[in-house]
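# Examining the three-dimensional arrangement
Below, each chain spelled out in residue letters.
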Amino acid sequence: MKKLTVHIHAELEIPNDWEIVEIGSGVQVLKIGDKYVDFDIAPLASTSHEPDATWSDEDEGLTELILDAVTGLDTELSEVGIH
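Since the model is a prediction, treat every value here as computed from it, not as a measurement. (Residues numbered from 1 in each chain as written. Predicted model: local features only at pLDDT ≥ 70, side-chain atom pairs only at ≥ 80, totals over all residues. Heavy atoms only, no water.)

## Brief notes about the environment of serine 48
Put simply, the rule is: Strands here mean DSSP runs of E at least two residues long; helices mean DSSP runs of H or I at least four residues long; both are numbered from the N terminus. Whether a residue is buried, partly exposed or exposed follows from its accessible area with a 1.4 Å probe, protein chains only, as a fraction of its type maximum: under 20%, in between, or over 50%, in that order. Residue contacts are counted whenever heavy atoms from the two residues lie within 4.5 Å of one another. Pairs of N or O atoms are called polar contacts if they sit within 3.5 Å, as long as, within protein, a hydrogen donor faces a hydrogen acceptor (for residues adjacent in sequence, only side-chain-to-side-chain pairs).
Structurally, serine 48 can be placed in the loop between strand S3 (35–37) and helix H1 (60–69). Residue classification places serine 48 among the partly exposed residues on the basis of a relative accessible area of 27%. Each C-alpha atom, one on serine 48 and one on valine 6, is 22 Å from the other, the two residues being 42 residues apart in sequence. When neighbours within four sequence positions are excluded, serine 48 is seen to be in contact with Ala53 and Trp55. Only 3.0 Å separates the side chain of serine 48 from the backbone nitrogen of glutamate 50, close enough to count as a polar contact.

Quick look at the structure:
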(Lines give C-alpha, C1' and ligand atoms only; values in the text may rest on other atoms or scores of the structure.)
Protein backbone atom coordinates (compact mmCIF):
# COMPACT_ATOMS: atom_id res chain seq x y z
CA MET A 1 0.00 0.00 0.00
CA LYS A 2 1.29 3.48 -0.87
CA LYS A 3 0.36 6.88 0.56
CA LEU A 4 -0.65 9.76 -1.72
CA THR A 5 -0.74 13.35 -0.46
CA VAL A 6 -2.87 15.84 -2.41
CA HIS A 7 -2.38 19.56 -1.79
CA ILE A 8 -5.17 21.77 -3.09
CA HIS A 9 -4.92 25.54 -2.74
CA ALA A 10 -7.80 27.68 -3.97
CA GLU A 11 -8.42 31.41 -3.78
CA LEU A 12 -11.92 32.82 -4.19
CA GLU A 13 -12.98 36.43 -4.57
CA ILE A 14 -16.10 36.62 -2.43
CA PRO A 15 -18.67 39.32 -1.61
CA ASN A 16 -18.17 41.19 1.67
CA ASP A 17 -21.33 39.68 3.18
CA TRP A 18 -19.97 36.12 2.95
CA GLU A 19 -18.15 35.30 6.18
CA ILE A 20 -16.10 32.60 7.86
CA VAL A 21 -17.86 31.23 10.94
CA GLU A 22 -17.20 28.41 13.37
CA ILE A 23 -20.00 25.88 13.71
CA GLY A 24 -20.82 23.83 16.80
CA SER A 25 -18.26 21.12 16.08
CA GLY A 26 -15.44 23.71 16.00
CA VAL A 27 -15.12 23.53 12.22
CA GLN A 28 -14.73 26.72 10.20
CA VAL A 29 -17.13 27.08 7.29
CA LEU A 30 -18.21 29.80 4.89
CA LYS A 31 -21.59 31.38 5.71
CA ILE A 32 -23.54 32.59 2.67
CA GLY A 33 -26.90 33.97 3.72
CA ASP A 34 -28.57 31.18 5.70
CA LYS A 35 -26.34 28.42 4.19
CA TYR A 36 -23.11 26.99 5.57
CA VAL A 37 -20.51 25.82 3.04
CA ASP A 38 -17.63 23.45 3.73
CA PHE A 39 -14.98 22.41 1.21
CA ASP A 40 -14.15 18.80 0.52
CA ILE A 41 -12.25 16.70 -1.99
CA ALA A 42 -14.31 15.70 -5.02
CA PRO A 43 -12.47 13.29 -7.33
CA LEU A 44 -13.20 13.66 -11.04
CA ALA A 45 -12.53 10.95 -13.64
CA SER A 46 -12.34 10.69 -17.42
CA THR A 47 -11.89 7.91 -19.95
CA SER A 48 -9.71 10.14 -22.12
CA HIS A 49 -6.34 11.83 -21.69
CA GLU A 50 -7.04 14.38 -24.43
CA PRO A 51 -6.96 18.12 -23.55
CA ASP A 52 -10.69 18.54 -24.25
CA ALA A 53 -11.72 15.45 -22.26
CA THR A 54 -14.84 15.55 -20.12
CA TRP A 55 -14.21 15.05 -16.39
CA SER A 56 -16.99 14.16 -13.94
CA ASP A 57 -17.86 12.39 -10.70
CA GLU A 58 -20.66 10.39 -12.36
CA ASP A 59 -18.91 7.04 -11.78
CA GLU A 60 -20.25 6.56 -8.26
CA GLY A 61 -18.35 3.32 -7.73
CA LEU A 62 -14.99 4.91 -8.58
CA THR A 63 -15.79 8.03 -6.54
CA GLU A 64 -16.72 5.86 -3.53
CA LEU A 65 -13.55 3.79 -3.96
CA ILE A 66 -11.38 6.93 -3.91
CA LEU A 67 -13.23 8.58 -1.02
CA ASP A 68 -12.97 5.36 1.00
CA ALA A 69 -9.18 5.62 0.64
CA VAL A 70 -9.09 9.09 2.27
CA THR A 71 -7.61 8.68 5.76
CA GLY A 72 -7.45 12.36 6.69
CA LEU A 73 -8.71 15.68 5.42
CA ASP A 74 -8.12 19.17 6.79
CA THR A 75 -9.59 22.41 5.52
CA GLU A 76 -8.37 25.83 6.61
CA LEU A 77 -10.22 29.02 5.72
CA SER A 78 -8.71 32.48 6.06
CA GLU A 79 -9.74 35.95 4.91
CA VAL A 80 -7.23 38.18 3.21
CA GLY A 81 -8.23 41.78 2.64
CA ILE A 82 -7.94 43.04 -0.91
CA HIS A 83 -5.95 46.24 -1.22
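## A closer look at the environment of proline 15
Mapping proline 15 onto the fold places it in the segment before strand S1 (19–22). Along the primary structure proline 15 and threonine 54 are separated by 39 residues, whereas in three dimensions their C-alpha atoms are 30 Å apart.

## A short note on the side chain of threonine 63
Counting through the fold element by element, threonine 63 comes out in helix H1. On the basis of relative accessibility, which here comes to 15%, the residue threonine 63 falls in the buried class. From its side chain, threonine 63 meets the backbone oxygen of aspartate 57 in a polar contact 3.5 Å long. With near-sequence residues (within four places) excluded, threonine 63 lies in contact with Pro43 and Asp57.

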